[in-house]
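Working through the structure, step by step
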Amino acid sequence: MEQHLWNKLKKWLKLKNFNLKLNPPPTKFTNGMGNLNYKIFLDHKAYVLRRPPLGPIPPGANDMKREHLVMSSLHKELPLVPNSILFSEDINIFGAPFHIMEYKEGFTINGDTFPSELHNAKDVKIISEMLISTLVKIHKIDPKNAGLENLGKPEGFLERQLEGWFKRGLIAHQNKNLHNITQLYETLKNRPRPEDYKPSILHNDFKLDNIILKKKKNNIFPSAIIVWDQATRGHPLYDLATLLSYWTVQSDSDDMRLIKQMPSEQDGFISRLEAIKQYKYLSGNSIDNFNWIYSLSLLKLGVVFQQLFAQYIRGTVKDKKYLVFEKVAEASYRRGLNIIMNDEII
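The following paragraphs examine the structure supplied in this document. (Residues numbered from 1 in each chain as written. Predicted model: local features only at pLDDT ≥ 70, side-chain atom pairs only at ≥ 80, totals over all residues. Heavy atoms only, no water.)

Observations regarding the pairing of strand β5 (residues 98–102)
Taking burial as the measure, the five residues of β5 include four buried ones, the bulk of the element. Note: strand β3 (residues 45–51) against β5, four bridges, orientation antiparallel. Residue pairing across strands places Leu49 opposite Ile100, the latter belonging to β5. As paired strands, strand β4 (residues 84–88) and β5 are joined by four bridges and run antiparallel to one another. Bridged to Ser84 within β5 is Met101. (Buried < 20%, exposed > 50% of the residue type's maximum accessible area, 1.4 Å probe, protein only. Helix = DSSP H or I, 4+ residues; strand = E, 2+ residues; numbered from the N terminus. Pairing = 2+ DSSP bridges.)

A few points about the packing of aromatic side chains
Aromatic ring pairs are defined here through the distance separating the ring centres and the angle between the ring planes. Scanning the entire structure with this criterion turns up twelve aromatic pairs. Plain terms: the ring middles of Phe114 and Phe269 are 6.3 Å apart, the flat faces sit at 45 degrees to each other, and that makes the pair tilted. With Phe114 in the loop between β5 and α4 (121–139) and Phe269 in the loop between α7 (236–245) and α8 (272–283), the pair connects residues that are 155 residues apart, well separated along the chain. Each member of the pair, Phe114 together with Phe269, is buried. An aromatic cluster is built from Trp6, Trp12, Tyr38, Phe94 and Phe98, whose rings are joined through pairwise contacts. Its guanidinium or amino end placed over the ring of Trp165, Arg168 lies 4.5 Å from that ring's centre, counting from NZ or CZ. Against the face of Tyr246 rests Lys207, its NZ or CZ located 5.1 Å from the ring centre. (Phe/Tyr/Trp six-rings, centres within 6.5 Å; stacked < 30°, edge-to-face > 60°. Lys NZ or Arg CZ within 6 Å of the ring centre and 35° of its normal.)

Re the pattern of salt bridges
Proximity of charged atoms lets side chains of opposite charge pair with each other. Applying the stated criterion across every chain, the model contains 13 salt bridges. Each of Glu159, Glu163, Lys189 and Arg193 takes part in a single network of salt bridges with overlapping partners. (Salt bridge = Lys/Arg side-chain N within 4 Å of Asp/Glu carboxyl O.)

Brief notes about the sheet that holds β3
Taken in spatial order, the five strands make up an open sheet running β1-β2-β3-β5-β4, and their pairing is antiparallel. Where the open sheet ends on each side, the last strands, each with one partner, are β1 (27–28) and β4. Here helix α1 (residues 3–15) sits on the sheet and contacts β2 (36–42), β3, β4 and β5; the angle it forms with β4, its principal contact strand, is near 115 degrees. Along the sheet face, helix α2 (residues 64–74) touches β3, β4 and β5 and points at about 160 degrees away from the line of β4. (Contact = heavy atoms within 4.5 Å. Axes fitted to C-alpha atoms, helices over the stretch in contact; angles between N-to-C directions.)

A look at α8
Over its twelve residues, α8 runs 16 Å from end to end, which matches the ideal 16 Å to within 8%, given 1.5 Å per residue. For α8, the set of buried residues is Arg272, Ala275, Ile276, Gln278, Tyr279 and Ser283. On an axial view of α8, the arc spanned by its buried residues comes to 165 degrees, and they lie on one face. Exposed and facing more than 90 degrees away from the buried side of α8 are Lys277 and Tyr281. Contact partners of the buried residues in α8: α4, α7, α9 (290–314) and α10 (325–342). Note on α8: the residue one or two positions beyond its end, Gly284, has a positive phi of about 80 degrees. (Expected span 1.5 Å × (residues − 1). Arc of directions from axis to C-beta.)

Structure (structure tokens):
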């Protein structure tokens, strides 16, 4: 990030009675493919500054205002959510809207492999089950108690997700290679929707690398749940479906397994079906017509990876791992079709 932006930020923070340390310079976190995250020090205490990525932003994405509101509210009900202490939408300060939140110690598991010290099947099983129990904790929060009873529009939520992600997909594809996404969209459009369910707070991008973990002696536990810029209220099974869309297994197609977002193919990681059963048991929520929601989440996943591929084609990002994301997008649409048309086993 350019030095003059850090200098502007320092002046703004001084008005808020915070002293930003710029020597040594703030460090950028290297994980993630979206928002830019920097470890900063205010009055000798560590915080994280978050802002959207460089370049054009898809509609509704990378919403720093929403993330600040949700994190500062949820923190009171679920301390696993770091508190966001400051927000500004003035792009003249740091080049884009941004917010500043608590820094949490720990580690994240990124990609499709575990750290060497966590390779035993017992640890792997604990972590995979922790994903489900942590998601249930989010869904059990009463939005009103958190002051988020007006977050989002839960009425007609699934229909809006279908229409919204299809429209984003058309933009991301630039009217090319539309066969699979269109077929999945039209199939979902013509199938009965799941009935509305009591709306829950949704993380909307819940997966393993959005949880900061800590290990103490032989215990592994979550330290923080991060990345809340897409949070809303809606059907709770949509969060579960989003998580399972990243949850690849060895029987998935080769192109689907290129996603490499979670180490769910490792020995000890519970299966997708086991995850669904555990969620149903812990939450008490019905899983009727889950395949429709799961297929919708795969349409969303395909669009997200097509958007990332478009960033690579534009030159906004240079990492060559983005080159295969077009294949991941098409594989996601095809899997969604298999689920909804053939009632494929999850």
